[in-house]
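Close look at the chain arrangement
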Amino acid sequence: FQSGQYADSVKAFSSLISGYPQSTYLPEAMYWQGNAYFALQKYKEAAAVEDRLTRQYPNSTRTPDALLSLASAQTAQHPRRKFDPHFTAEAVPEN
């Protein structure tokens, strides 16, 4: 992951997660897999992994970070709309 090989990181973490389902390092692997997906701009996949981590391991030390990553991935999936000053002027008239 640190070398920027995000696609390879996703595969490596997937292998770790499926190969060692009882590992105490599973939340850590899931967190970094989610970050690798995010770096690849695969926000839906990133959100899914981080959501699963928070639900399966609510007491993990990675859960707070995963919640922030989840929010970032969800936000990235739905970019903000452009500001429309005309609509705002109608919605909030000047006195």
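You'll find the structure just up there.
Residues numbered from 1 in each chain as written. Predicted model: local features only at pLDDT ≥ 70, side-chain atom pairs only at ≥ 80, totals over all residues. Heavy atoms only, no water.

1. Remarks on the pattern of salt bridges
Formally: When a carboxyl oxygen of Asp or Glu lies within 4 Å of a side-chain nitrogen of Lys or Arg, that pair is called a salt bridge. Helix and strand definitions follow DSSP, with helices as H or I runs of at least four residues and strands as E runs of at least two, each counted in order from the N terminus. The rule is simple: take the accessible area with a 1.4 Å probe, protein chains only, and divide by the maximum for that residue type; under 20% is buried, over 50% is exposed, in between is partly exposed.
Per the stated rule, a full pass over the model turns up three salt bridges. Here arginine 55 ties to aspartate 51 by a salt bridge, and the two come within 2.9 Å at their closest N and O atoms. Of this pair, arginine 55 and aspartate 51 are both found in helix α3 (residues 43–56), four residues apart, which corresponds to roughly one turn of the helix. Taking the relative accessible area as the measure of exposure, arginine 55 reaches 62% and is therefore exposed. Judged by its relative accessible area of 25%, aspartate 51 falls in the partly exposed class. For the salt bridge of arginine 62 with aspartate 65, the shortest nitrogen-to-oxygen distance reads 3.0 Å. Each of Glu28, Arg62 and Asp65 takes part in one network of salt bridges that share partners.

2. Points about the packing of α3 against helix α4 (residues 63–77)
Counted only if it meets this: Lines fitted to C-alpha atoms define the axes here, with helix axes fitted over just the stretch in contact, and angles between the N-to-C directions of these axes take values from 0 to 180 degrees. Note that the term roughly parallel is reserved for angles under 35 degrees, roughly antiparallel for angles over 145, roughly perpendicular for angles of 65 to 115, and oblique for everything else. Helix crossings get a hand from a simple test, with the near helix turned counterclockwise from the far one by less than a right angle marking a left-handed crossing and a clockwise turn marking a right-handed one. Note on contacts: a residue pair is in contact if any heavy atoms of the two residues lie within 4.5 Å. The classification used treats Ala, Val, Leu, Ile, Met, Phe, Trp, Tyr, Cys and Pro as nonpolar, Asp, Glu, Lys and Arg as charged, and all other residues, Gly among them, as polar.
Remark: α3 packs on α4, axes separated minimally by 8 Å, with the N-to-C direction vectors making an angle of 150°. Judged by the angle between their axes, α3 and α4 are roughly antiparallel. With respect to the hand of their crossing, α3 and α4 are arranged in left-handed fashion. For the pair formed by α3 and α4, the contact residues are Tyr43, Lys44, Ala46, Ala47, Glu50, Asp51, Leu53 and Thr54 on the first element and Thr63, Ala66, Leu67, Ser69, Leu70, Ala73, Gln74, Ala76 and Gln77 on the second. By residue class, the composition of the contact of α3 with α4 is nine nonpolar, five polar and three charged.

3. As for the side chain of serine 60
The cut-off we apply is this: In protein, a polar contact means a hydrogen-donor-capable atom and an acceptor-capable atom, both N or O and within 3.5 Å, with residues adjacent in sequence counting only if both atoms are side-chain atoms; elsewhere, any N or O pair within 3.5 Å suffices.
Relative to the assigned elements, serine 60 resides in the loop between α3 and α4. Of the residues examined, serine 60 reaches a relative accessible area of 17% and is grouped as buried. For serine 60, the side chain forms a polar contact with the main-chain nitrogen of arginine 62, separated by 3.0 Å.

4. Notes on the nonpolar core
Our working definition: Put simply, buried Ala, Val, Leu, Ile, Met, Phe, Trp, Tyr and Cys residues joined by side-chain atoms within 4.5 Å make one nonpolar core.
Core analysis: the biggest nonpolar cluster contains 16 residues, and Ile17, Met30, Tyr37 and Leu53 have the highest contact counts within it. When residues of this core are traced back to their parent elements, those giving at least two are α1 (6–19), α2 (26–39), α3 and α4. A total of six residues in this core trace back to one element, the largest contributor, which is α2.

Remember, this is a structural readout, not a statement about activity or role.
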